[in-house]
Structure formats: structure tokens, C-alpha cells
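In case you want the letters, here they are:
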Amino acid sequence: MVDAIEGDLLELYRRRVFSLGKTRANLLYLLNVIMFFQPFALKRKSKTYAKLTTIDMLRNYLLIAIRTIKKTKSIAAINIIGMAIGISSFMMMVSYVVTELSYDKFHKNADRIVRLNYSYETRGETSTVSRVSFPLKHRLLEKYPEVEKVARFYINRMDASTLKYDDKSFTEEKIYFSDPEVFEIFDFPLAQGDPSTALIAKNSIVLSQAMAKKYFGDENPIGKSLLYKNSDQLQVTGIFKKSFRSHLDFDFLVPVELQRQRWKGDGSNKGYDLEEDWRWSGSWTYVLLKDAFLKNDFDIRLLEDGTDLFGRVDNPSVDFNYQSQQLADIHLYSNMISEISSNGSISQVYAFAAVAILILLIACINFVNLTTAQSVNRAKEIGLRKVMGAHRKHLIGQFITESTVITLLSTALGLLLLELLIPLFNSFLDQDVSIPYIQVPILMILIFFGALIVGGLAGFYPSFYLSRLKPVKVLKGKLIDSRSNFSLRKVLVITQFIVSNTLIIGILAIQMQMDYIKGKDLGFDKDQVIILDHGSKIDDEFKLFKSKLINNPRISQLNLGYVAGTSGWQQSFRVEGEAISEAKSLGFKHISHDFMDMFNTELVAGRNFSNEFPTDSSSAVMLNEAAVKTFGWSNAEALGKRFSWVGGSDNKTRFETKVIGVMKDANFESLYQPVRPSVFTLSNFGDVSIKFNVGDRKELLLAIDEVEQVWNELAPSWPFEFTFLDQQIEAQYQKEEKLGMMIQFFAFLAIFIACMGLFGLATFTVKTKLKEIGIRKVLGARLAEIVFGIMKGFLALVVVSFVISVPVGYFLSDSWLQDFAYRIDLSPFIFLIAGIASLLVAGLTILSQSLNAAKTDPAKTLRYE
Amino acid sequence: MKGKNIGEFEELVLLTVGILHENAYGLSITDELESRLKRKVTISSVHKALVRLEGKGYVRSYMGVASEVRGGRAKKLYQLTSTGREELNHSRELRNTMWEAVPKIVWEGGKL
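Predicted model, so just to flag it, every value in this text is computed and none were measured.

(A) Local environment of the overall build of chain A. From N to C terminus, chain A includes 29 helices and 24 strands. A total of 865 residues make up chain A; the buried ones form 36% of that total. Sequence separation of at least 24 residues holds for 81% of the intrachain contacts in chain A that already meet a minimum separation of 6.

(B) Structural context of the overall build of chain B. Scanning chain B for helices and strands turns up five helices and two strands. Of the regular secondary structure in chain B, the N- to C-terminal order runs α-α-α-β-β-α-α. With 112 residues in all, chain B has 31% of them scored as buried. Residue pairs in contact within chain B that sit at least 24 positions apart in sequence constitute 47% of those at least 6 positions apart.

(C) The interface of chain B and chain A, seen in detail. Taken together, the contact pairs 16 residues of chain B with 15 residues of chain A. Those elements that provide at least two residues to the side of chain B that touches chain A are α2 (26–37), α3 (43–56) and β2 (74–80) of chain B. Counting residues per element, the side of chain B that touches chain A draws most heavily on α3(B), at five residues. A breakdown of the residues in the side of chain B that touches chain A according to their chemical character gives six nonpolar, five polar and five charged.

(D) Summary view of the pairing of strand β4 (residues 162–165) of chain A. Residues and elements named next belong to chain A. As paired elements, β4 and strand β5 (residues 168–171) share four bridges and run antiparallel to each other. Within the sheet, the bridge partner assigned to L163 lies in β5 and is F170. Taking the residues that link successive antiparallel strands as the turn, the β4-β5 hairpin has two residues, and the phi of D166 there is positive, at about 55°. Note: β4 against strand β9 (residues 225–228), two bridges, orientation antiparallel.

(E) Structural context of the packing of helix α1 (residues 8–20) of chain B against α3(B). Residue and element names in this part refer to chain B. Put simply, α1 and α3 touch, their axes get as near as 10 Å, and they point 85° apart. Between α1 and α3, the interaxial angle falls into the category roughly perpendicular. For the pair α1 and α3, contact is made by F9, E10, V13 and L14 and by V46, A49, L50, R52 and L53, respectively. Per-class residue counts for the contact of α1 with α3 are seven nonpolar, no polar and two charged.

(F) Representation of the sheet that holds strand β15 (residues 555–560) of chain A within the structure. All names here are of chain A. If you trace the four strands from one edge of the open sheet to the other, you get β15-β23-β14-β24, paired in antiparallel fashion. On the outer flanks of this sheet lie β15 and β24 (722–724), each paired with one strand and no other. Going across the sheet, the axis of each strand differs from the next one's by a mean of 20°, ignoring polarity. Looking at chain direction, strand β14 (residues 529–532) and strand β23 (residues 688–692) are connected through three bridges and run antiparallel. If you follow I531 over to β23, its bridge partner there is S689.

(G) Geometry of the nonpolar core. Residues and elements named next belong to chain A. With 79 residues, the main nonpolar core has I359, I362, A363, A750 and L758 as its most contacted residues. The biggest single contributor to this core is helix α25 (residues 734–768), with 16 residues. Residues in contact with A750, not counting those within four places in the same chain, are I359, I362, V499, S500 and L503. Ranked by size, the runner-up nonpolar core spans 52 residues in total, among them I175, I205, V206 and V287.

(H) Spotlight on helix α28 (residues 828–855) of chain A. Residue and element names in this part refer to chain A. The terminal C-alpha atoms of α28, which comprises 28 residues, lie 39 Å apart, in line with the 40 Å expected from a rise of 1.5 Å per residue. Residue L847 marks the point of greatest curvature in α28, where the axis turns by about 35°. Considered for burial, the residues of α28 that qualify are I830, F831, A834, G835, S838, A842, T845, I846, Q849, S850, A853 and A854.

(I) The environment of I85(A), seen in detail. Residue and element names in this part refer to chain A. Tracing the chain through its elements places I85 in helix α5 (residues 73–101). Classification of I85 by C-beta neighbours within 10 Å gives buried; the count is 24. Between the alpha carbons of I85 and F752 there is a distance of 9.7 Å; along the sequence they are 667 residues apart.

(J) Region of the structure containing the packing of helix α12 (residues 346–373) of chain A against helix α15 (residues 442–467) of chain A. All names here are of chain A. At a minimum axis distance of 9 Å, the contact between α12 and α15 shows a crossing angle of 30°. Taken together, the axes of α12 and α15 are roughly parallel relative to one another. The element α12 and its partner α15 pack so that their crossing is right-handed. Taking contact as the criterion, the partners of C364, F367, V368, T371 and T372 in α12 are, on α15, V454, L457, A458, Y461, P462 and Y465. The residue inventory of the contact of α12 with α15, partitioned by class, reads nine nonpolar, two polar and no charged.

(K) Focus on the environment of L248(A). Residue position: L248(A) is located in the loop between β10 (232–240) and β11 (252–255). Along the backbone, L248(A) and F153(A) are 95 residues apart, and their C-alpha atoms lie at a distance of 8.9 Å.

(L) Highlighting the environment of S547(A). Tracing the sequence through the fold places S547(A) in helix α18 (residues 542–549). Separated by eleven residues in sequence, S547(A) and L558(A) have C-alpha atoms that sit 9.5 Å apart.

(M) Structural context of unusual backbone geometry. The phi torsion at K229(A) lies on the positive side, around 45°, for a residue other than glycine. Secondary-structure assignment places K229(A) in the loop between β9 and β10. According to the C-beta neighbour criterion, K229(A) is partly exposed, with 16 such atoms within 10 Å. The phi dihedral of K38(B) is positive, around 55°, even though this residue is not glycine. Looking at the element boundaries, K38(B) is found in the loop between α2 and α3.

(N) Representation of the confidence of the model for chain B within the structure. Residues and elements named next belong to chain B. For chain B, the mean per-residue pLDDT works out to 84, and 95% of the residues sit at or above 70. Averaged pLDDT values over the elements of chain B bottom out at 79 in helix α5 (residues 104–107) and peak at 90 in α1. Across the whole predicted complex the pTM is 0.67, and at the interface the ipTM reaches 0.80.

Criteria and thresholds
Residues numbered from 1 in each chain as written. Chains lettered and ligands numbered in written order. Predicted model: local features only at pLDDT ≥ 70, side-chain atom pairs only at ≥ 80, totals over all residues. Helix = DSSP H or I, 4+ residues; strand = E, 2+ residues; numbered from the N terminus. Buried ≥ 20, exposed ≤ 12 C-beta atoms within 10 Å, placed from the backbone. Contact = placed C-beta atoms within 7 Å. Nonpolar A, V, L, I, M, F, W, Y, C, P; charged D, E, K, R; others polar. Pairing = 2+ DSSP bridges. Axes fitted to C-alpha atoms, helices over the stretch in contact; angles between N-to-C directions. Parallel < 35°, antiparallel > 145°, perpendicular 65-115°, else oblique. Core = buried A, V, L, I, M, F, W, Y, C linked by C-beta atoms within 7 Å. Expected span 1.5 Å × (residues − 1). Bend = angle between axes of the 7 residues up to and from the residue. Left-handed = near helix turned anticlockwise from the far one by under 90°. pLDDT = per-residue confidence, 0-100.

Shown next, in the form of C-alpha cells:
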């Protein structure tokens, strides 16, 4: 501006000098200049001195925040890593929780869909079953006006469900039989095919896109045929996208009618019609109600009619109460007998949600601790800022900005960590969790704002604490009074250590229990045994099968019937001379002559089943010791006692069977329960199991190959598939083992973060105590005394938190152990180890800081006094 | 600088900025105005008008090259902005409509 005016005036002046002469030009120039003394020319240009707006302050805050992070790299790194771990674990847990909660919520009729269950009571015990009989569907549609549609599901697990196309043949686990209404009731999305007609034809099949790819490659699957169980050609009428989360976890859908026709025409039960069978509860039945609020009326009517429904059976021995269950509740709340697929559990969801919040809390605590601990370094800065006119709100803004920047960085790092964590988590817990960044773009915004909120919360306390410092004091060089506010940080550290101590106790308890269970003698041999998956295919030719293999030196025994270590049946038994109400519910196992020999169980009284007594197969039973105790006999008394089974579909009473022997108790089923009192009968059907006698794995594989050859001769059209018995038994405890590993993982994280917090605190305290240490050294204190003096305070915190965590840990571990019939006692040893471990970890964390402080030359710290 | 209204002198300066196109700066505008108006125009009032016009957004300025004649000082060159052009059009139209509103009789000598 000034330049431009001066330029104009000079140009004018020059012109005037030529035309008017120098004197007049000077005069006029002066006049012109004076005339420029007007407000517009004098006013300061407002742009260069703009008022400080919020944006400007924020920019400044950000700049300072980044400078601070650069300046204190190690503390910032600890902060960011701690937060990142916290955030990624939190997001991991949350996405698991969200996934679990999302099951079956995608059906638009979800609130109107219910599943039918029934329960019955026997001798004080209520059993609830998730399946009902097939013909119930028609009755519901006829007699219940509130019912709009009904769809049933059924899975046939009797033998290998093979599907074949060209030369591709697989055994499929997830073939569900269902009704054509399935696509009207549920919203399973069909990518190809017409949902209203897809399952109407008896020989139709609907499959997932992945399965279509598996069988047909890139060809169009619609209209192609798959061969089911080597006998039925099924035509593909629909392809669905398996993008939904449902407890109905099928890969294939085929009509119930197919199964019905198969049985009707089948040799052994020719003429059997499942639509007529009221006794067999084989169908998972889903009802679409006309309106959601009709559920109550429906339940009441079911309850009233329940016994009547089952009254179609002659001589019902118990009442059956029917009820309906909301579709969305099945995945998380339902744990009935014969669920269609293994469900999640709401308590696990709660536990994970709690852990998620806990981990985030620990990370925030850590942040608060570390930031307040830095106050020594920042005291002068704060003092100077205040002297320069910074208000308290500016300082608070400054610190909250810093914490927000750190949280944002941590979130970025945490999201990267999460990408590593998710596949681990999924393979670990057999889950299918993913974070739908692309499908739900708003998630990114949510994460961003979530990070801002966490940053604000974590920065809240430190900012108030730091902004309170008195400038006069800190600038004088007076250190911050270490006692004020120290208590809050103590509480924070104690909280962190309570959590980590409890987790350590949990790890130890789970570990010891699992070791105990794995090492426990089950009372039978489970090694080197395989169970054939489709053994029923050679039931008829078992003798031939056995004769071809029994002379093989690598095979020690073949058995047809109940396999030790698997679950058996339940049946009510009644002793001769006792009232029917005295009948006892016992385990019921069909075994062969070779059972005891193969699994190496012990006989304690009487004799085993024997070929010498042909009547054994119809009129002899064996008991185990537990069953003998249930009846209140001694082992010797039991022999010769007669009884029959009662209830169920066959209510006849025949006291034809007689006890011939007593078997020593063995844990055939699960260590969750005590040995089940059981009755053994002789039979010639069931699973085929083979026991090998081999030295190493190579030989075992060879032997299995030989079995496969014989299998292929006898049942060429059925796949040879098998399971190792010991693996199957171990699989029962997998849930516990995984839970243990998860807790271990999070315990380590929690301890790691807690130690970082402790480290920060130690740094802070040591700095405030440098002069004290100097004086002590001058007065002759030894190194060890000084180190101990510093550490004492911290270790006291750990001890306090330990004392609090003992009852918490005891309570939690004990309630977990209650699930097991065979469990360890929680010895004080566990708590002792946990205590020592956390003391040790905490001690090591602060040792280096204490040592450094103790080694400082007193001349340096006391120089200015 | 109240509102967006411009006075008569400001309007003339604005027009002159248009006339001079690429060469509109304080002194050239003063010269142009003097030659057209046939009266004295002080340079400070031109500058004042320019500052106001810039504040109202009708012109924008940029620094030109310095020259020997100007004692090494750069020229501050002015340019019409689109709102400046609009404003000129607008006042021209206003004038036109007002012209048209004057009854013919007034021009013809006003015989009553």
C-alpha cells in the first residue's frame, strides 16, 4: 500500500518537476502527502494482525503436541504402544461381541419367527429338547389360527451324506432337509433361482455359492444334477449367498420330502412315514406367527395342548410341555438337548465385553499415569506459559490436544495390530469375525470419534492436574509437591495390578485343571483307537470285515458297538419288585463281546458277555459300580438281579434281563460329570472301532491304509473316513483350553500395560526424590538401602492389590471349576505363585529406574542447594 | 464503507479501472479522470476510492513491476472483479430505466 502510494506520488512529482518547476513540485508533493493522512491510509491492515481464532489455537496446540511427542520419544512411544494395544484388543472384543449379537437379526420377520421346543420332567429333572415331531407341522397349521407358516429342518447324520458330480465326490456335513416355506419365512438370500419354487420338487437341492464352485467350478450350476448318497439325482434349483449369520448353518438345502420318500422305499423300514410318526422328535420346527404379540397366546395354547399332542402316543409315561422360543434368542441363550448347531453363549459375550472395557480402562489409566508423571518435565513450560498469559483453559486445551493426538496415533497403530489379531483370534476360537470397513463406511467415522472421546477422557485428569501448577512455585525451581494427588495414581496402579493379578490366578487355575483332566486316568485305554465315521455301512458285513483284518499284526482288536469315550444313551430302568415310580434313569450302552478286552476295563464281579451263553444277547446286562450304588446293592448282591427298561416309546414291562457282571467305574463320558451309572447290553450294531498295535506314526498310517483297502472292497461307494478316539475325547475340553489361552493372552497384555504404567510412575517418583537420594548418599546410605527405599513404596502397592485380588481370583476360578465333576482344589500355592510373579515383574520393572537414581552422583543433584 | 453501495465518484473510478484495463493504478486513473471530467482530481481521493472499492469487492489489486520513474516503487494495479462488473451494469440499467421513465414532454421543451 505505502509502496504503491509513494510510487504514484513520485511519478507525479517527476512530471511536475518538468512542467511546474522544482519548488512548486515540492510544495504540491508535500500537500499530496498531507492529504493522504486519512483514516483509510492510516488504518493498520487488519489481515496481518488477525485475532487469534479457535482454529489458530488448535493449530498451535497441534504443533506443540507434535513437538512434545518428538521431544519425549520414549515416553510417547510407551504411551502410544500401550494405547494401541488397548485399542486393538478393545476393538477385537467389541467386534466379536457385535458379531455374536448379530445372529439371525437379518430376517425382516425375525420378531415373528419362533422355534418350537418341548420339555419333560423325569424324577425331578427337567429336560428341554429343541426338536419336535414332524407331523406337528400340519397340526399347527390346521388348529392354530395365529400360525402363518411353518418350516422344518432336519439333518440326517446316520451315515455319510455324500454328494457326487462327475468325478467329484465329497462327504458333506451341512446338508439340511427343509420345507419349501423356508424362503418365505426366513430371508436367506438367493443369488440364483426362484425362492418360491426352489424346494418344491422332491429332487431339488439349493446350495451355497462356495459349494457350487466346489462341485461345478465356473459352470452355471442351475439345472445341474448332484448324486445324493449314491442313489438320488438332485437337481440344483437355487444358489444362495452365505453372507448371513444364522444358527441355521447350512451349505445345502434339500426337501424333507426327499428323506420321507427315501425311508418309505427303504428296505429295512419299508413303509415308514415320518409325517405319521408322532413319537420321534426329529425336526427343528420354526413357526412364522401372524403377529409378534401373538407369541404369548400361542405359548399358552401350546402348553394346554402339549400333553394332548403327545397323547397321540399310547401310554405316555410323562407330560410333554411345548413352548416357543424367539428366533433371535437361539444363538446366544439356547442350550437345549440336540441343538441344530453349537451355539454361542451370552455369558461369554458378557465376559468378553467386560474384558474389552477393562483392557481399555487399563490403557487409559496408564496414559493418565504417564502423563501426570511427566509433569516434572513440563512444570517449567507450564509456568512460563502462564506467565505469558495463558489461561487455564488454554493449558487444558493444550493437554487434551496432546492426548488426542496420541490416541489418534495409537488408533492408527491399533488398527494395524487389529489386522494381525483378527486372523489369530478367528483360528483360535473358531470364529468368523471381521471388521466391515467397506460395507459400513460409517465405522471409520465412529472409530475416529471414538478415538477422540478416549483421548479426551484420558487427557482430562492430566490436563486439570498439570494446568493447576502455580507458576511462581515451579519457576522458582521448586519441585511439585509429590504428596498431593499421589493417592489417585496409587489407586490407579492398584487397580491395574488387581486386574493382572486376578488374571494370573485365572491362568494358573485353568492350566492346573486342564493338566489334571488330561492326566487323569479315565479307567480305560483310549490310545491307538480309531472310529470309522460311516461304520453302519458295513454293519451287515462286519464279521467279514473283521476276519479280513484281525490277523493283521498291526491291528489288535475290532469292535462293533458302543465306543468308550463317546456319549451313550439314557434310559429308565426298573428293578423287579419295585414300583414304577422308583425307576432309575441310567446310561445305556450297547457293547460287543470284545468291548472290555479292547478298552481294557476291569471286571469286579460276575462275568463278561460270552459266546458260550447264547442267551446273553437277549437276557443279560452288565452294570458299572456306579449303577450298583444307585440301586443300593453291593457288587455281589447285584448279580442275578432282574430288571427291565421303562418309558419312552416302549412302555412294556418285562423283567427278562438279569445282571451277569459288574464293571469297574470308568469315565466313558465326560469329566464334567461324575461317572454315569450305566447298564450295558450285548448288541451287534453301532460304531465300528479299531484298535491298533503299532510302534510309531508311520506304521500307524500303514495300518490305516490296510484298513482302507478292505473298506474299499466291502463298501466301495462310501468314503473311508475316521476319527481318532483320543482326539475326540480331548476335543471335549477344547473350549476350556481355548478360554485358557485367551485369558493368558489378555493377562499378558494387561500385565504388560500395567508394567508400563508402573515404569512411568517410577520415573516420576525417582525424579522427585533425586535430592533426597543425594542427601542420603552424602550421609552414608548404601546403594541397596536406597534402591530398597525407592522400591518399597511400589511393592507395597503391588502387595495391596494382591491382597484384594486373592478373593476375586478365588471366586472367579472357583465358579469356573464348578463345571467339572473332577476338579483340583484351589491350593494356596496358586495364589502364592501369582503373588510372587506379580511382585517379581513389578520389581524388575522399577529396578532399573531405582538403580539409576541410586547411582547418581550426589554432587550433581545437590549442586544448586 | 457502509454496505455495498457506491457513490458517484466511486462509480467513476470503477469505470476508469475498466477503461484502463491492464494499466489501472492510482496515477493513471487520476490522469484519465482529469482528462475526461475536465476538472482537478486529487490523487488521495482516488486512492481512497480504490481502497473502498476493494473492500466492497468490486476491484482486486495486484502488485505490478517497479520502475525507475517511480523511484523503484511497484505499481498497485487494479482490476474489475465480476461483482464489480455486475455493479456497473446494474447502475447503468438503473440509469437507463430512469431515463426512460422521464416523460417525453420534458425533453420537448415543457410547454405547459
